[in-house]
Amino acid sequence: MSTRILVVDDEQLIRAGFRAILQAEPDLEVVGEAADGLEATELARELRPDVVLMDVRMPRLSGIDATAHLVRSLPDAPRVLVVTTFENDAYVYQALRAGAQGFLLKRSRADALVHAVRLVARGDSLLFPAAVRELALRYGPVAPDRSRIDRLSAREGEVLRLMAAGLANAEIADRMQLGAETVKTHVARLLAKLEVRDRTQAVIAAYESGFVTAGSGPPPR
């Protein structure tokens, strides 16, 4: 089955460019376009896309508020991939905190766009650890709250550090010498304890709490 995509941007040329790139792929289908966040929420409810490519700076309703609305109001919310001009942007960070699964620069190559859409469509997050760290340090809370982080076991904390370093489940399993299903269980438990929806919000929580810091690296092998 094709991945259904809603393209949201207030510039028609950008929407047309994204559509042309995505429609050229046999497993991707652009089911609609929206010029602002309000239209995006209405079309998402009507068309039920799997992935929303969401600009952040738009009239009537921003991509941040539109993302938050989709995550809160739809029982099976689409995955949101933010597309932005500047990666070090408070709007991008707020969109990630609102529930977006990752972000991509508008100047990215066509193959990077296609890869990103496929990645989030299958339930993964598109994380750039260095960029997320920079955003968290710049726009995160001044007074870190460790109350949720302190719920994690030592093993779950180790998994979270590797997630923050950008490792996928298979890489975490290899690094920790665990089975893939065991890692999947650890990830599910830490998401529940942190009260977050997915890996993106878990990594943000790790940085905002101070559990992972600018000088932190992944645990050694």
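Residues numbered from 1 in each chain as written. Predicted model: local features only at pLDDT ≥ 70, side-chain atom pairs only at ≥ 80, totals over all residues. Heavy atoms only, no water.

J.: When you look at the sheet that holds strand β3 (residues 51-55) in this model, what are you seeing that I'm missing?
T.: The pairing of strands in a sheet happens through backbone hydrogen bonds and is either parallel or antiparallel. Sheet architecture is open: 5 strands sit in the order β2-β1-β3-β4-β5, paired in parallel fashion. Sheet topology places β2 (28-34) and β5 (102-105) at the edges, where each strand pairs with a single neighbour. For this sheet the average axis-to-axis angle between neighbouring strands, irrespective of direction, equals 25 degrees. Where helix α3 (residues 63-73) meets the sheet, it contacts β3 and β4 (79-84), and its direction lies at approximately 155 degrees from that of β3. (Pairing = 2+ DSSP bridges. Helix = DSSP H or I, 4+ residues; strand = E, 2+ residues; numbered from the N terminus. Axes fitted to C-alpha atoms, helices over the stretch in contact; angles between N-to-C directions. Contact = heavy atoms within 4.5 Å.)

J.: Explanation requested: the packing of helix α4 (residues 90-98) against helix α10 (residues 199-208) in the structure shown.
T.: Helix-helix packing is described using two parameters, namely the angle between the two axes and the distance between the axes. Relative orientation of the contacting elements α4 and α10 amounts to 115 degrees, with a least axis distance of 8 Å. On α10, the residues touching Tyr93, Leu96 and Arg97 of α4 are Thr200, Gln201, Ile204 and Glu208. Looking at the contact of α4 with α10, its residues break down into 3 nonpolar, 2 polar and 2 charged. (Nonpolar A, V, L, I, M, F, W, Y, C, P; charged D, E, K, R; others polar.)

J.: Please clarify how helix α5 (residues 110-121) should be interpreted in this entry.
T.: Three- or four-residue spacings in an α-helix give side chains the same orientation, since the helix completes a turn every 3.6 residues. Taking 1.5 Å per residue as the helical rise, α5 with its 12 residues ought to reach 16 Å, and the 17 Å between its terminal C-alpha atoms agrees with that figure. Contact partners of the buried residues in α5: β1 (3-8), α1 (12-23), β2, β3, β4 and β5. (Expected span 1.5 Å × (residues − 1).)

J.: Explain the environment of valine 114 here, please?
T.: Within the element layout of this structure, valine 114 appears in helix α5. Considering only alpha carbons, one finds valine 114 and glutamine 23, 91 residues apart in sequence, at a separation of 10.0 Å. The residues touching valine 114, leaving out its near neighbours within four places in the chain, are Ile21, Leu22, Glu25 and Leu28.

J.: Hey, could you run me through the packing of aromatic side chains in this one?
T.: Geometry of an aromatic ring pair is reported as the spacing of the ring centres plus the angle between the planes. Throughout the structure, instances matching the rule amount to 0 aromatic pairs. The aromatic ring of phenylalanine 211 is capped on one face by arginine 161, whose charged end is 4.1 Å from the ring centroid. (Phe/Tyr/Trp six-rings, centres within 6.5 Å; stacked < 30°, edge-to-face > 60°. Lys NZ or Arg CZ within 6 Å of the ring centre and 35° of its normal.)

J.: Just checking my understanding: could you explain the side chain of threonine 3 for this structure?
T.: With respect to the secondary-structure elements, threonine 3 resides in strand β1. In this structure, threonine 3 is in contact with Asp27, Leu28, Glu29, Asp50, Val51 and Ala121, ignoring residues within four places of it in sequence.

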